[in-house]
Amino acid sequence: MREDARITAVLGPTNTGKTHYAIERMLAHRTGVIGLPLRLLAREVYDRLVAVRGPSVVALVTGEERIVPERTRYWVCTVEAMPQEIGADFVAVDEVQLAADHERGHVFTDRLLHARGLKETVFLGADTMRGAIADLVPGVQFLRRERFSQLTYTGPRKISRMIPRSAIVGFSVENVYAIAELLRRQKGGAAVVMGALSPRTRNAQVEMYQNGDVDYLVATDAIGMGLNLDIRHVAFSSTTKFDGNRMRPLQPNELAQIAGRAGRHLQPGTFGVTGEAAPLHEELVDAIENHRFSPERKLQWRNSTLRFGSLGALIGALETRTENPWLTRVRDSDDLLALRALGELPAVRDRLRGAPDVRLLWDVCRIPDFRGISQGEHAAMLEKLFLFLHDGGHVPTDWFARQVQRIDRADGDIDALSRRMAFIRTWTYVAQRKGWLEDIDHWRDATRAVEDRLSDALHVRLTQRFVDRRTSVLMRRLKQKEGLVAEVNDKGEVMVEGEFVGRLEGFRFRQDKSATPDEAKTLRAASVAALAPEFHLRADRFYNAPDTEFDYTEQGGLMWGEHAVGKLVAGPEALRPTAEAFVDTEAGPEVAQKVQRRLQHFIDRKIATLFEPLLAMSRDEELTGVVRGFAFRMVEHFGVLPRDTVVSEVKELDQAARGQLRRHGVRFGQFTIFMPALLKPAPTRLRLVLWSLQKGLDTFPESPPPGLVTIPATPGMDGETCTMSGYRLAGDRAIRIDMLERLADMIRTKDTRAGFEANPDMLSITGMTLEQFAALMQGLGYAAERGERAKVKPAAAEAPAEAADAASGETPGETPVEVPGDAPTETPPAPPAEAPGQSPDETPPAPPAETPVQDPPEAPPAPPAEDPPVTPQAGADATTDAAGIAAVITEGKLPEKAEAADAATDASGEAAADATEVFYTFRWAPRRKPQHRGGEGRDNARGEKRAGGKPGAKGAGKPGGKPRGKPGNRQDRNAPPRDRSPKSYESRPQKKDRIDPDNPFAAALMGLRDK
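Just so it is clear, the model here is predicted, and its values are computed rather than measured. (Residues numbered from 1 in each chain as written. Predicted model: local features only at pLDDT ≥ 70, side-chain atom pairs only at ≥ 80, totals over all residues. Heavy atoms only, no water.)

J.: Would you mind showing me how to read helix α20 (residues 612–619) here?
T.: Note on helix geometry: an α-helix contains 3.6 residues per turn, so any two residues three or four positions apart are oriented the same way. Residues Leu614, Leu615 and Met617 constitute the buried set of α20. Take α20 and look down its axis: the buried residues cluster within an arc of 160°, on one side only. Contact partners of the buried residues in α20: α19 (589–610), α21 (625–636) and α23 (655–662). (Buried < 20%, exposed > 50% of the residue type's maximum accessible area, 1.4 Å probe, protein only. Helix = DSSP H or I, 4+ residues; strand = E, 2+ residues; numbered from the N terminus. Arc of directions from axis to C-beta. Contact = heavy atoms within 4.5 Å.)

J.: In this structure, what is going on with unusual backbone geometry? I would like to understand it.
T.: Note on backbone geometry: most residues besides glycine have negative phi, and most peptide bonds are trans. Even without being a glycine, Glu95 presents a positive backbone phi close to 55°. Of note, Glu95 is situated in the loop between β6 (90–93) and α3 (105–114). Non-glycine residue His291 carries a positive phi angle of around 60°. Counting through the fold element by element, His291 comes out in the loop between α8 (282–290) and β17 (299–301). Taking the relative accessible area as the measure of exposure, His291 reaches 22% and is therefore partly exposed.

J.: What should I look at first to understand the packing of aromatic side chains in this one?
T.: What describes a pair of aromatic rings is the distance from one ring centre to the other and the angle between the planes of the rings. One pass over the structure, following the stated rule, counts 18 aromatic pairs. Ring plane angle 25° and centroid distance 6.0 Å describe the contact between Phe630 and Phe668, whose orientation is recorded as stacked. Placement of the pair is Phe630 in helix α21 and Phe668 in strand β28 (residues 667–668), with a sequence separation of 38 residues. Note on accessibility: Phe630 and Phe668 belong to one class, buried. These aromatic residues form a ring-pair network of at least three members: Phe756, Phe773, Tyr782, Tyr920, Phe922 and Trp924. It is Arg371 that lies over the ring of Phe423; its NZ or CZ is 4.9 Å from the centre. Sitting above the plane of the Tyr552 ring, Arg685 keeps its charged end 4.3 Å from the centroid. (Phe/Tyr/Trp six-rings, centres within 6.5 Å; stacked < 30°, edge-to-face > 60°. Lys NZ or Arg CZ within 6 Å of the ring centre and 35° of its normal.)

J.: In this structure, what is going on with a negative patch on the surface? I would like to understand it.
T.: Residues Glu438, Asp439, Asp441 and Asp445 make up a contiguous surface patch of negative charge. Along the polypeptide, Asp441 turns up in helix α16 (residues 440–466). (Patch = residues over 30% accessible without salt bridge, like charges linked within 9 Å, V, L, I, M, F, W, Y side chains within 5 Å. Areas by Shrake-Rupley, 256 points an atom, 1.4 Å probe, with all protein chains shown as cover. Salt bridge = Lys/Arg side-chain N within 4 Å of Asp/Glu carboxyl O. Lys, Arg positive; Asp, Glu negative; His and termini not counted. Charge placed at Lys NZ, Arg CZ, Asp CG, Glu CD.)

J.: Which parts of the structure should I look at to understand the pairing of strand β32 (residues 733–736)?
T.: Of the pairings in the sheet, the one linking strand β30 (residues 710–712) to β32 comprises three bridges and is antiparallel in character. Of the residues in β32, the one forming a bridge with Ile711 is Ala734. For strand β31 (residues 727–730) and β32, the ladder comprises four bridges, and the chain directions are antiparallel. Residue pairing in the sheet places Tyr727 in a bridge with Arg736 of β32. (Pairing = 2+ DSSP bridges.)

J.: What's the story with the packing of α19 against α20 in this structure? I'm lost.
T.: Two measures define how a pair of helices packs: the angle their axes make with one another and the distance between the axes. The contact between α19 and α20 brings their axes to 5 Å, and the two run at 85°. Taken together, α19 and α20 sit at an angle that is classed as roughly perpendicular. Between α19 and α20, the contacting residues are Ile607, Ala608, Thr609 and Leu610 on the first element and Glu612, Pro613 and Leu615 on the second. Of the residues in the contact of α19 with α20, the class split is five nonpolar, one polar and one charged. (Axes fitted to C-alpha atoms, helices over the stretch in contact; angles between N-to-C directions. Parallel < 35°, antiparallel > 145°, perpendicular 65-115°, else oblique. Nonpolar A, V, L, I, M, F, W, Y, C, P; charged D, E, K, R; others polar.)

Note that every value here comes from positions in space, so none of it alone points to a role or purpose.
Here is the structure:
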């Protein structure tokens, strides 16, 4: 140092621009060296100098990193790595108050005493060092710098209420991670900065904080050492720390150093406590705010004049004490402890033959314990390295390669990657020592590459664990008060600023369920703000959509495509339900009203279309008096009205009144008064919904499958539900209303007193087997008597068959092919339901006076099961089918063939004597209603006619009236039972073309008719 060299101590609190001043002074000289307390800060200053002067003249030297260009002019180093023999014009040491630190203080004290520039030397630090520097550095000049901004204490504050751009300080890795996790849940995440991080990881985390990806920073006390960040508030989660030996409270100047990071340049800052940290005392707060602290009285010192003649001489030099009142010998440091431990090992002690060996051992012992392992393990590694270097002159390449390769893995969690990072720092330090490896340049690059890969992986893991990018991005955009844009794809997934936030189902937003409760608030706020325009656009599309895009469910829901957008609720009238829209309140009342109006239009038009005959009848002004009242009853019951509930009203309707109703499609059936057009599947489905709304049911009944004539009567099915479905209960099944009326028309021609058998038309329209038909008739109030008889083969059918046999060369006496006699098999009926109600007494005479309205174009009855295959015979297919039908059912379907059938039966009686068939005889046998006291025994309470006989059946008459028919026809009760053998009757003219196309034997009958 020249005599005219200047020494300056720039002292003051944080945020005074001391580091910036030192950089400017160094660049004013041709060469310079600056020593910084942290590797992270050294990297920051190096990047700033490179940006100004270029990488060719700026060197970076730390324990684990060494970038030294050939034309280096400016050296940026950690304090421990500062070169002292290069003769730089300028030398600066930052944060000299660390000379009082018990772990690293002796290094700063040494630089304070011995580091000098040829032209200028600058010491940067706190004002507490003024007295020590004045006594220890002769000729020093002091420069006081004041803080640019004000620092204010704000007291305790919960982490959940922490303001943005805050730094929460912890003093252990576990504490830092716990705080970062809490911030992720509540605030979207935080960046993590610790001294153990590599510069690459630290820079990535700081960049994430600086560019606003996250608004919070969790750090150790490393941020107190000159890291310049945009921090508005510093919160201490604890005021104690572990110093390597014990837990101790932080000193006021240490708290001030960290709190001073808040408020950069002219921006004021605040500090406080959070978590379990106790509030700061007033005296301490005043000291921090006004930067008044007790001066440093003792600096840590260790003898730097070492003697390498022997191991004992070196240890003695390191243990030398000082007489300077400002200095105190540092406690035994890690390198001295390692030196003692290795010196006791015979393998090491035997190799210490001179000063070079002792110097080599000391260099090995100065390798920091980055891994934080025990002293024994650390000493074992140092021993191996010393033996390699002493015996071979360098560390074996294959051994070193294995150590590096073992930790060159980017998998694992944060802890695993942090351990590997500590290990690679050790090998990076070794690679930086000159002459320790054969290919030193290769291994410097290799270890640096591994550290970079581990750094990147660690940054990714830290971000994944402690940053919810979705929440942080949305919070940042909300804070910036910029318009958020929501994108909704064809699956309904809502993306806001590229982040998935949930799904839009109709006009209701379903938030992502994977979000935590704390994240949910942010997601909801961002989603509502972003979806506001989308709700209005969707409402416009919805309002202009055609009715074909809408539908209603059997439970009263209203659908737009696959999304539920509303539901039906009971309205003021049966045919005027009210549509209730499903719209989030955040969408606004305008959207909700538009959706509700469109749904109401849809359901009103749907009812007007499907119930047009019923609505037209209700609007017919020509209907007056009793007719209008009956029409109102039809509207109340949605066009399907059981006849036994309106007996008296029907009596009051004359033929003219009924004609008025028939013009609107009303059919007066024996069991039900209905409008056939409303029995189609679509009106039936809507009728069930409207009826369920009117009844206030919680669960609506489902409409029956279309096209079925009969359905099983499910348990709990009541008569009213069955009627609204378009069916009537009959035992263990229910039959469709219009088909029941057709069946009633057929039965009306039979003698229900004497008994009758079912003909093919009856089985055909019901699509049942004979056994199932018998159960149906019993449910309708008939008695079914089962019997067996010999199967008869009609002669008219036999003759053509014999001719066919002769033509084919077969013997006429061979057994003929049989055709099944029963109707096709249907699905077995369900368990029986409750019995149907009593049949009505009043019935129009037979044949019915009114002409039935054309039946609704329903699907045909359920197709019969496949018939057993019939072996074809030449020229006899139609004859064989006809013979099979005649053998099973001898009712009046084919009266013109009856005599031929009787003759054929007599001719083949012996051949078929052993063949039998099952038949049923049906008689009207309703349940009698209970008699009422004080009234006529056969009259009901309302004075209705006697219910003992079937409506419209032969032999039925009015009470007290004359018996119908000739007296000779009446059978004496005491006479022997009359012959009840099957008979065929037909009261109407025969129709040549009357063949039911639904009959499974229709083809055979058509062939027989043409004979």
